[in-house]
Amino acid sequence: MTNLNLWLIGAGKISQSYFYALKKLNNIPKIIGRGIGSASNFQKNTGFKVETGGLKINLKKYGIPKSAIVAVNNKEALKVAKELIKAGVSRILLEKPGVINIEDARLLQNLSKKNKKNKIFIAYNRRFCQSVIKAKKIIKKDGGILSLNFDFTEWSDRVKKLDHIGANIKKNWVIANSSHVIDLAFHLCGKPKKWSTWQKGKMDWHPSAARFCGSGITNKGIIFSYLSDWEAPGRWGIELMTTKHRIILRPIEKLKVIKIKSTDLEPIEIKNNFDIDFKPGFLLQTKAFLLKNDSDLCSLNSQFDNIKFFNKIAGYRSK
């Protein structure tokens, strides 16, 4: 049975991933799309109908839902979020990064303040990967994180060829994409307090920099560093040091450790398969949103501050 108080906005691949997670959680949403083509494809793959015509038409037709998950492209996300806030939807999960610059984040933040009932979250699903949850348990048992380093290296040649992504999104790629791993790093170790950053090089699609390096200390007293080179081979990864383990998330969805007094890299088996059957992190993130377990969700206010950090890392201008 459809939950009329929960809407899923968008009918693309990411929306389908949310749908499967919601279906598993016994919460079939009303699905809102625009074009007939994407709606037809969604129905073909899931067996469920999409209400076409866009958000405004369906708000007039069906009224205002209590909650909405926004799974549209970066270009449309701001517009949809604004419409939902103005309509008075109380809980919104906005597919990451939600906004790609500080001005848009400030606009949403101000709109939300005027509509005090709104709670808006940015869907950084890697916070909810089972590898991350297991890593947190090891960290807690060991007494906390001593230090951390991370890498958000992107595959430049592949990004350059993504014709369906606009030039403005690519110019802000640290926010639009790399922020997935940067957000997770700071979620685990705290926000930067004292730090220095460096950038070198440039690419035609990302003129601000091609290499990124930085280090500092967070508000939790944890020393961190990062080094990413978009013109060299590499991949995303995070390494967390405790008194008993070096915890390695590379890729983020898998967990390995080096134990104290050892040099062996040991894979850690994760028993269940939420991140295999569903897009990694989606099931548990969606569950947290539905149950209002907000502690691990990224709030809009937190994202507003985070964008300042992303800008400093990337060398973007921050107003």
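Just so we're clear, the structure is a prediction, and the values are computed from it rather than from any experiment. (Residues numbered from 1 in each chain as written. Predicted model: local features only at pLDDT ≥ 70, side-chain atom pairs only at ≥ 80, totals over all residues. Heavy atoms only, no water.)

1. Focus on the nonpolar core
Residues Leu-84, Phe-150, Phe-152, Val-174, Ile-182, Ile-238 and Leu-240 are the most contacted members of the largest nonpolar core, which totals 75 residues. Per element, the largest residue contribution to this core is 11 residues, and it comes from helix 9 (residues 173–189). In this view, Leu-84 contacts Ile-9, Leu-55, Ala-68, Val-70, Val-89 and Ile-92; residues no more than four positions away in its chain are not counted. With 21 residues, the next largest nonpolar core counts Phe-19, Ile-28, Phe-128 and Phe-282 among its residues. (Core = buried A, V, L, I, M, F, W, Y, C linked by side-chain atoms within 4.5 Å. Buried < 20%, exposed > 50% of the residue type's maximum accessible area, 1.4 Å probe, protein only. Helix = DSSP H or I, 4+ residues; strand = E, 2+ residues; numbered from the N terminus. Contact = heavy atoms within 4.5 Å.)

2. Focus on the sheet that holds strand 3 (residues 67–70)
Strand order in this open sheet of six strands is 2-1-3-4-5-14, and the pairing throughout is mixed. For this open sheet the edge positions go to strand 2 (28–32) and strand 14 (298–299), each flanked by a neighbour on one side alone. The pairing of strand 4 (residues 91–95) with strand 5 (residues 119–123) spans five bridges and is parallel. By the bridge assignment for strand 5, Arg-91 is matched with Lys-119. The strands touched by helix 1 (residues 13–24) within the sheet are strand 1 (2–9), strand 2, strand 3, strand 4 and strand 5, with strand 2 carrying the most contacts at an inclination of about 160 degrees. Running over the sheet, helix 3 (residues 55–62) touches strand 1 and strand 2 and is turned about 170 degrees from strand 1. (Pairing = 2+ DSSP bridges. Axes fitted to C-alpha atoms, helices over the stretch in contact; angles between N-to-C directions.)

3. Here's the deal with unusual backbone geometry
Residue Pro-97 follows Lys-96 across a cis peptide bond; omega there is -5 degrees. With respect to the element layout, Pro-97 can be found in the loop between strand 4 and helix 5 (102–114). One non-glycine residue with positive phi stands out, namely Lys-261, at about 65 degrees. Structurally, Lys-261 is set in the loop between strand 12 (256–259) and strand 13 (266–267).

4. Topic: the pattern of salt bridges
All chains considered together, the criterion is met by 15 salt bridges. With its nearest N and O atoms 3.5 Å apart, the salt bridge here joins Glu-253 to Arg-126. With Glu-253 in the loop between strand 11 (245–249) and strand 12 and Arg-126 in the loop between strand 5 and helix 6 (130–142), this residue pair connects regions lying 127 residues apart in the sequence. A relative accessible area of 18% means that Arg-126 is categorised as buried. Of the charged contacts in the structure, one is a salt bridge between Lys-136 and Asp-296, with a shortest N-O distance of 3.4 Å. (Salt bridge = Lys/Arg side-chain N within 4 Å of Asp/Glu carboxyl O.)

5. What to know about helix 1
Here helix 1 is 12 residues long and its end C-alpha atoms lie 17 Å apart, about the 16 Å a rise of 1.5 Å per residue gives. Those residues of helix 1 that sit buried are Ser-15, Gln-16, Ser-17, Tyr-18, Phe-19, Ala-21 and Leu-22. Just downstream of helix 1, Asn-26 is the residue with a positive phi angle, here 60 degrees. (Expected span 1.5 Å × (residues − 1).)

6. Some thoughts on the packing of helix 9 against helix 12 (residues 300–314)
One can describe the packing of helix 9 onto helix 12 by two numbers: an axis separation of 10 Å at closest approach and a directional angle of 110 degrees. When the interaxial angle is binned, helix 9 and helix 12 end up roughly perpendicular. In terms of crossing hand, the pair formed by helix 9 and helix 12 is right-handed. Mapping the contact onto sequence places Val-174, Ile-175, Ser-179, Ile-182, Asp-183 and Phe-186 in helix 9 and Asn-306, Ile-307, Phe-309, Phe-310, Asn-311, Ile-313 and Ala-314 in helix 12. (Parallel < 35°, antiparallel > 145°, perpendicular 65-115°, else oblique. Left-handed = near helix turned anticlockwise from the far one by under 90°.)

7. Topic: the sheet that holds strand 7 (residues 192–200)
Picture the strands of a sheet paired through backbone hydrogen bonds; they go either parallel or antiparallel. The strand order across the open sheet formed by eight strands is 7-8-9-6-10-11-12-13, and the pairing between neighbours is mixed. Pairing within the sheet leaves two strands with one partner each, and these edge strands are strand 7 and strand 13. Two elements, strand 8 (residues 211–218) and strand 9 (residues 223–229), share seven bridges in a ladder whose sense is antiparallel. Of the residues in strand 9, the one forming a bridge with Cys-213 is Leu-227.

8. Some points on the packing of aromatic side chains
A complete count under the given rule lists 18 aromatic pairs for this structure. On the basis of an interplanar angle of 35 degrees and a centroid distance of 6.4 Å, the ring pair of Phe-150 and Phe-152 is categorised as tilted. Overall, Phe-152 belongs to the buried group, its relative accessible area being 0%. Plain terms: the ring middles of Phe-212 and Trp-230 are 4.9 Å apart, the flat faces sit at 55 degrees to each other, and that makes the pair tilted. Here the residue Phe-212 occupies a position in strand 8, and Trp-230 occupies one in the loop between strand 9 and strand 10 (237–241), the gap between them amounting to 18 residues. Trp-230 matches Phe-212 in its accessibility class, with the two residues each being buried. In textbook terms, an aromatic cluster arises when at least three aromatic residues are bridged by ring pairs, as seen for Phe-150, Phe-152, Phe-186, Trp-195, Trp-205, Phe-212, Phe-224, Tyr-226, Trp-230 and Phe-309. Its end group placed over the ring of Tyr-62, Lys-30 keeps NZ or CZ at 3.9 Å from the ring centre. (Phe/Tyr/Trp six-rings, centres within 6.5 Å; stacked < 30°, edge-to-face > 60°. Lys NZ or Arg CZ within 6 Å of the ring centre and 35° of its normal.)

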